[in-house]
Amino acid sequence: MASILRFRKLCYVEPCSSLKFQYFETPKIENRDEGGVGSKTENLLEKKQRKNKNKKQHREWRCIDSCCWVIGYMCTTCWVLLFLYHSLPATLTGFPVPESPGTRLKAEGLTPLHPVVLVPGIVTGGLELWEGRPCAEGLFRKRLWGGGFTEIFKRPLCWLEHLSLHNETGLDPPGIRVRAVPGLVAADYFAPGYFVWAVLIENLAKIGYEGKNMHMAAYDWRLSFQNTEIRDQALTRLKSKIELMYVTNGHKKVVVVPHSMGVIYFLHFMKWVESPPPMGGGGGPSWCAKHIKAILNIGPAFLGVPKAVSNIFSAEGKDIAYIRAMDPGVLDSEILRLQTLEHVMRASRTWDSIVSLLPKGGDAIWGNLDWSPEDGQSCDLAKKGYLQTSGDTNFNNRDENRVFQVKEPVKYGRIISFGKETSQISSPQLPRHDFKDLPHQDSSTNFTSSCGEVWTEYDELSRESIRKITENKAYTAQTLFDLLRFVAPKMMQRAEAHFSHGIADNLDDPKYAHYKYWSNPLETKLPVAPYMEIYSLYGVGIPTERSYVYKMSPSDKCKSIPFRIDGSADGEAGSCLKNGVYFVDGDDSVPVLSAGLMCAKGWRGRTRFNPSGIATYIREYQHKPPASLLEGRGIESGAHVDIMGNVALIEDVLRVSAGATGAQIGGDRIYSDIMRMSERINLQQ
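Attention here is on the structure that accompanies the text. Here the structure is a predicted model, which means the values were calculated and not measured. Sequence positions are assigned chain by chain, starting from 1 and proceeding in written order. In keeping with the predicted nature of the model, local features appear solely for residues at pLDDT of at least 70, side-chain atom pairs appear and are counted solely at 80 or more, and the whole-chain, interface and lining totals rest on all residues. Water and hydrogen atoms play no part in the side-chain values, which are based on all heavy atoms of the structure.

### Quick look at the overall build of the chain
Keep this limit in mind: Each helix is a run of DSSP H or I of at least 4 residues and each strand a run of E of at least 2, with the numbering of both proceeding from the N terminus. Residue exposure (1.4 Å probe, protein chains only): buried if accessible area is under 20% of the type maximum, exposed if over 50%, otherwise partly exposed. Between two residues, a contact is recorded if the distance between any of their heavy atoms is within 4.5 Å. Under the convention used here, a 1.4 Å probe and the Shrake-Rupley method define accessible areas, while residue burial counts only the protein chains that appear.
Along the chain, the regular secondary structure elements total 22 helices and 17 strands. Counting all 685 residues of the chain, 52% fall into the buried class. Put simply, of all contacts in the chain between residues at least 6 apart along the chain, 77% involve residues at least 24 apart. Of the roughly 32,700 Å² that the chain leaves accessible, carbon and sulfur atoms contribute 56%.

Okay, structure coming up:
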């Protein structure tokens, strides 16, 4: 066989190669010698090639080229990841699949005991169309939110119009009806492949839960909490469902599992159900004690989130600031005229629910110009050295020597600062601001007649007022409400009729019987239910937005947003400041202060906010990113939504639903500085 191959190589390969060599060599010699047409043609081709090469070298790289390349890379990456997600098998050979908590606990003999009610938060619940304008033809009972989001690309302005509420009533605009999707499918997945409640629902099902003892309390998350009752009777239906589940499941009390804004929505419900009609549900003061066993609050926004401030103020957050820092032209292109953030602001400023998430408690909780509860914390969370505390009681073992210092104390109390220097200088150097002295509108200029199509309340402000707001000013949790009332008067006037953000001096004052106080844990009492338990379950170890450095927008168009986060404001290595945002410990959305303070101090023991001494527990989950792409979003994630797939959290929920108490699952588990923060806050108990 070897001899045959050598003969084939000799006869076919070598002769052909030698012939090829001779064939190309001969013409070159002849052309060089004769100096005829061939050489001239060759010279012309060489000159043309050099000319094209020079053109390519001198071509300028334009901004539009950068945008196209960025968009191309993002689209290509998304398509590749989507292809891999759908093409890879669920299990790969050689990679062990971790056993789910539901399967493991079922093998241990865990079975359903208490009915479970799930309460979704803001944004994660699906919304579908029941009545719309002509531009929405063909979308009847199709999801406008919480699905494939294809309508954003097909008809974006029509889509935004139907998701907006009436600017004066906060209810449906004429001719439009958008309603919450009912059932477990309302919030199991936010988009195809992106789970919210799906993993927890699946694990509950593995130990025996089903439709008769598990319910998703879907509601329209855009509305104020009381308006969900006025328009949809959502609170009445939730009350009836809990009563039905209680009776049909052997008079077993219900375990409620709210997430994010759903936490304060259910807090509102507990006061509503006890209050007499017509404002309340007429259940009486013993309703919660009779029907509720435990409330497991996941990622609770008890005291609000600073990112709600930036959303109302400039329709931004850390992600927008990061995109602008990378390529300022993407969102502000004059060529494309996207006005993306203006359109987002137009819609979101009709959603009263966002105001429910503004920081509660004022300077006493969030800090003033010179002080905040997080003072002295480390900004490098990866090297923070969390220490675990555990125990079977409702108290904590604290390491008093655990103090984290930074080079310069960060003044987190200044939630909005105009300029990096303003966020750092001493308070006596800051000018005082009084909005009463600022003209709200310049009567000499009629902005509405000369502006474009996108409406924001900023077009009703004079340019002088806008400049005065930015002159070296810093705003705390107390004064930022004056700022928001000035720049968004219509939204704040409408929404503040439904929400309050202070601290009650006297909870027995009759004014606190009004529904506007019911979702604020600092202005309402927990029900008299001494055998009920309240848990605060949240992730830690992720940098979370706490305060912002702003600047004036370079655009002077009358219907543009005049303020933006200063993405160029960065601190030194290991600093808390990055791209104009100061970060603290949290779950990427809710700071530890908001998630943990009430269970750590405000409700701990028998206090004026917790008159019957309901037991409270803090269960923190140290964030660990996925070890590989095969882990998806991670089984030990502490992120605000991804934590719903955290195996430790799922196990806690399953055990409590099956009858365990807080002491039986291990009591408190604390990694953060929440206990030290709570000691620094002077909260009358």
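### A closer look at the state of the cysteines
Here a disulfide denotes a covalent bond joining the sulfur atom of one cysteine to the sulfur atom of another. Keep this limit in mind: For the purposes of this analysis, a disulfide is any pair of cysteine sulfur atoms at a distance within 2.5 Å.
Under the criterion given, the structure shown has one disulfide. Here Cys135 engages in a disulfide with Cys158; their sulfurs sit 2.1 Å apart. Across the disulfide from Cys135 to Cys158, rotation about the S-S bond amounts to roughly 80°, and the bridge is consequently right-handed. Of this pair, Cys135 sits in the loop between β2 (127–131) and β3 (143–145) while Cys158 is found in helix α6 (residues 156–163), placing the two residues 23 residues apart along the sequence.

### Re the pattern of salt bridges
Between side chains of opposite charge, pairing is possible as soon as their charged atoms come close. Note the cut-off: One speaks of a salt bridge when a side-chain nitrogen belonging to Lys or Arg is within 4 Å of a carboxyl oxygen belonging to Asp or Glu.
Inspection of every chain in the model, using the stated rule, returns 27 salt bridges. A salt bridge links Arg104 to Glu651; the nearest nitrogen and oxygen atoms lie 3.1 Å apart. You can see Arg104 sitting in helix α4 (residues 101–107) and its partner Glu651 sitting in helix α21 (residues 647–657), a full 547 residues away along the chain. Its salt-bridge partner being Arg179, residue Asp172 comes within 2.8 Å of it at the nearest N-O pair. Through salt bridges with shared partners, a single ionic network connects Asp172, Arg179, Asp220, Arg222, Arg231 and Asp232.

### Let's talk about helix α18 (residues 480–487)
Among the eight residues of α18, six are classified as buried, and the element is accordingly described as predominantly covered. Every buried residue of α18 is listed here: Leu480, Phe481, Leu483, Leu484, Phe486 and Val487.

### Some details on the packing of aromatic side chains
Short version of the rule: Here the aromatic set is Phe, Tyr and Trp, taking the six-membered ring for Trp, and pairing holds for ring centres within 6.5 Å; pairs whose planes are under 30 degrees apart are stacked, those over 60 apart are edge-to-face, and all others are tilted. A positively charged side chain is recorded as over a ring if its NZ (Lys) or CZ (Arg) lies within 6 Å of the ring centre. The angle to the ring normal must also be within 35 degrees.
Applying the stated criterion across every chain yields a total of 25 aromatic pairs. Measuring from centroid to centroid gives 6.4 Å for Tyr412 and Tyr582, while their planes differ by 85°, and the two rings are edge-to-face. Placement of Tyr412 in the loop between α15 (362–366) and β10 (416–418) and of Tyr582 in strand β16 (residues 581–586) is noted, with a sequence separation of 170 residues between them. Residue classification places Tyr412 among the buried positions, given a relative accessible area of 1%. Grouped by ring-pair contacts, the aromatic residues Phe313, Phe418, Tyr458, Tyr475, Tyr548, Tyr550 and Phe563 constitute a single cluster. Seen from the ring of Tyr194, Arg633 lies directly overhead, with NZ or CZ sitting 3.7 Å from the centre. Against the face of Phe195 rests Arg633, its NZ or CZ located 3.9 Å from the ring centre.

### Quick notes on the packing of helix α12 (residues 307–314) against α18
Cut-off, in case you're wondering: Only C-alpha atoms enter the line fits that serve as axes; for helices the fit covers just the stretch in contact. Angles between N-to-C directions range over 0 to 180 degrees. Angles below 35 degrees are treated as roughly parallel, those above 145 as roughly antiparallel, those between 65 and 115 as roughly perpendicular, and all remaining angles as oblique. We call a crossing left-handed when the near helix sits turned anticlockwise from the far one by less than a right angle, and right-handed when that turn is clockwise. Note that Gly is not counted as nonpolar here; it falls among the polar residues with everything else outside the nonpolar set of Ala, Val, Leu, Ile, Met, Phe, Trp, Tyr, Cys and Pro and the charged set of Asp, Glu, Lys and Arg.
Between α12 and α18, the least distance of the axes is 10 Å, while the angle of their chain directions is 25°. With respect to each other, α12 and α18 are oriented roughly parallel. α18 is crossed by α12, and the crossing has left-handed handedness. Contacts between α12 and α18 involve Val309, Ile312 and Phe313 from the former and Leu480, Leu483, Leu484 and Val487 from the latter. Residue composition of the contact of α12 with α18, grouped by class: seven nonpolar, no polar and no charged.

### Examining the environment of Gly602
Tracing the backbone through its elements, the reader meets Gly602 in helix α20 (residues 592–602). In contact with Gly602, other than residues within four places in its own chain, are Leu597, Thr607, Phe609, Leu683 and Gln685.

### What to know about the sheet that holds strand β4 (residues 177–180)
Quick reminder of the rule: Strands were regarded as paired on the criterion that DSSP finds at least two bridges between them.
Spatial ordering of the open sheet is given by β3-β2-β4, a layout of three strands whose pairing is antiparallel. Single-partner strands in this sheet number two, and they are β3 and β4. Pairs of neighbouring strands in the sheet enclose a mean axial angle of 45°, with direction left out of account. Of the strand pairs in this sheet, β2 and β3 are connected by two bridges, and their pairing is antiparallel. Each bridged residue has a counterpart across the sheet, and for Leu127 the counterpart in β3 is Trp145. Its contacts with the sheet place α6 against β2, β3 and β4, and it is angled at close to 80° to β3.

### Focus: the side chain of Arg179
Let me state the cut-off plainly: For the purposes of these results, a polar contact is taken to be a pair of N or O atoms within 3.5 Å, where, inside protein, one atom must be able to donate a hydrogen and its partner to accept one; residues adjacent in sequence count only when each atom of the pair is a side-chain atom.
Among the structural elements, Arg179 can be located in strand β4. Of note is the side chain of Arg179, whose polar atom sits 2.8 Å from the side chain of Asp172. Once residues lying within four places of it in the same chain are set aside, the contact partners of Arg179 are Gly126, Leu127, Glu128, Trp130, Asp172, Arg231 and Asp232.

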